[in-house]
Amino acid sequence: MESAGLRRRSEPISIPNDASIRDSSSDACEDSDEPPRYTIDLSVPPRKRYQHVVADFKPQVATLPILFDEVVNDSRANISIEKVRWLARLLLRRVYNRDENEELRGIQETTGVEMYLLVAFNVLLDLFMGCTSGAVRVKDNETSTKMLHFRTLDWGMDALRKVIVHLDFVEKPGGEVIASSITYVGYVGVLTGVRKGLSVSLNFRPTHDNSGRLSNFRFYSHHLLVLLGFQPSISSLLRSYLLPVLSSDSSRVDVPVLESIKRNLPSVTSTAAYLIFSDGDTALTIEKDHHSAVIRSATDFIVATNHDEAEENTEPSTKATHEASFKTLLDDIVEGSIDRRNVVTRLWEKSLKRARRKSTRKASTHEQDLTTDGVIRWMDTYPILNEETHFATIMDPKDGKVVWTKRYIEPFE
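How each quantity is defined
Residues numbered from 1 in each chain as written. Predicted model: local features only at pLDDT ≥ 70, side-chain atom pairs only at ≥ 80, totals over all residues. Heavy atoms only, no water. Buried < 20%, exposed > 50% of the residue type's maximum accessible area, 1.4 Å probe, protein only. Helix = DSSP H or I, 4+ residues; strand = E, 2+ residues; numbered from the N terminus. Patch = residues over 30% accessible without salt bridge, like charges linked within 9 Å, V, L, I, M, F, W, Y side chains within 5 Å. Areas by Shrake-Rupley, 256 points an atom, 1.4 Å probe, with all protein chains shown as cover. Salt bridge = Lys/Arg side-chain N within 4 Å of Asp/Glu carboxyl O. Lys, Arg positive; Asp, Glu negative; His and termini not counted. Charge placed at Lys NZ, Arg CZ, Asp CG, Glu CD. Polar contact = N/O pair within 3.5 Å; in protein donor to acceptor, adjacent residues only side chain to side chain.

The name an unreviewed UniProt entry gives the chain is ceramidase, with Imshaugia aleurites as the organism.

As structure tokens, then:
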């Protein structure tokens, strides 16, 4: 799985002290840019919504068969690629959501890429990501503050770096942008997105409840049902939080607010993942399991990477990971995840100390001088930015906008 997903690190990353946390922006600028920006009109029939986007990336999307074979090879499954392709063509025919399925049909018609490959791409992508996500309160102006949602997406499949795009969604031609997403061409779910009143991001979670045969059966059965199109993927669920949908009687269903997500999401059946939400005033991190969740909230700073918070103080022998054959790889992911979380936390603590030194009033976490530019510098700090980083972005849920994005065409070194 190393080349398809997160690569195993050859040596541990040391946690820098305050003096040695370095800004790597000067090194990274030559190999990065802003992703191309496209408008997706939701009033257009679903089959046509993404055709103008994928038409510009036909050569890159055409590499999906190669990427599929790479994932199969790296999974170390004792089955030939030819048999896997045959089974995939037979079984991976659709995704659960009708609109998303039609969108994939339109992408298929434009690119010629087989449907099973598009389905696999859309339901398996979130299983291979390493990420840093969180939210932090910054100065909005001289008298007010707000929370910004920051996010880096790390993945080992370098071919996808060139198909990262910024999508703006409208409800009519020339209409106001109602939501935005940073994503990959050919991917119709949401991994990273924002609308007015809500920002969302998804991180890979390498652990789940495997306390018994029944819990494992339910967990992996859900994965199978998602692959077969009988259950929605986690990214499809996030899309429903970001974009308005129509009910069976064609009436509009309003997107949920943060409080309703906090109340209802834990019991929703899903894969294991870390979900991060913010409305600009409050932020949530959700350690989501199959049908439960651990929720944390903050109004000043919060961060999630790729490990449970409780796992930082857990012996490796007691961790609840996937199959034993992947344990070493997953332990490496968790180790790197802890490194990134510690560095982000250290940067936040530094900003608080700096603000308290400047303040003539009684200090509080809301009285600090961190700015958007300061958070951008966080995103350019190693190991938050690392050799696996595909893109970094900062979202403003108060205004419903993406305020900064950087795409890394070449791996950062």
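Visitor: How should helix α10 (residues 234–242) be read in this particular structure?
Guide: Residue pairs three or four apart in sequence face the same way in an α-helix, which turns once every 3.6 residues. Of all nine residues in α10, eight are buried; the element is thus mostly enclosed. For α10, every residue scored as buried is listed here: Ile234, Ser235, Ser236, Leu237, Leu238, Arg239, Tyr241 and Leu242.

Visitor: Got a minute to help me understand a positive patch on the surface in this structure?
Guide: Taken together, Lys353, Arg354, Arg357 and Arg377 make up a surface patch of like positive charges. Looking at which element gives the most residues to the positive patch, the answer is helix α12 (residues 327–358), with three residues. For lysine 353, the position within the fold is in helix α12.

Visitor: Before we go on, may I ask you to explain the side chain of histidine 208 in this structure?
Guide: Its place among the elements puts histidine 208 in the loop between β8 (198–204) and α9 (213–227). A distance of 2.8 Å separates the side chain of histidine 208 from the side chain of asparagine 216, its partner in a polar contact.

Visitor: What's the story with the pattern of salt bridges in this structure? I'm lost.
Guide: Proximity of charged atoms lets side chains of opposite charge pair with each other. Using the criterion set out here, one finds 21 salt bridges in the structure. A salt bridge links glutamate 287 to arginine 296; the nearest nitrogen and oxygen atoms lie 2.9 Å apart. Exposure remark for glutamate 287: the relative accessible area of 9% places this residue in the buried category. Residue classification places arginine 296 among the partly exposed residues on the basis of a relative accessible area of 26%. Among the charged side chains, a network of salt bridges with common partners joins Arg49, Asp99, Glu100, Glu103 and Arg239.

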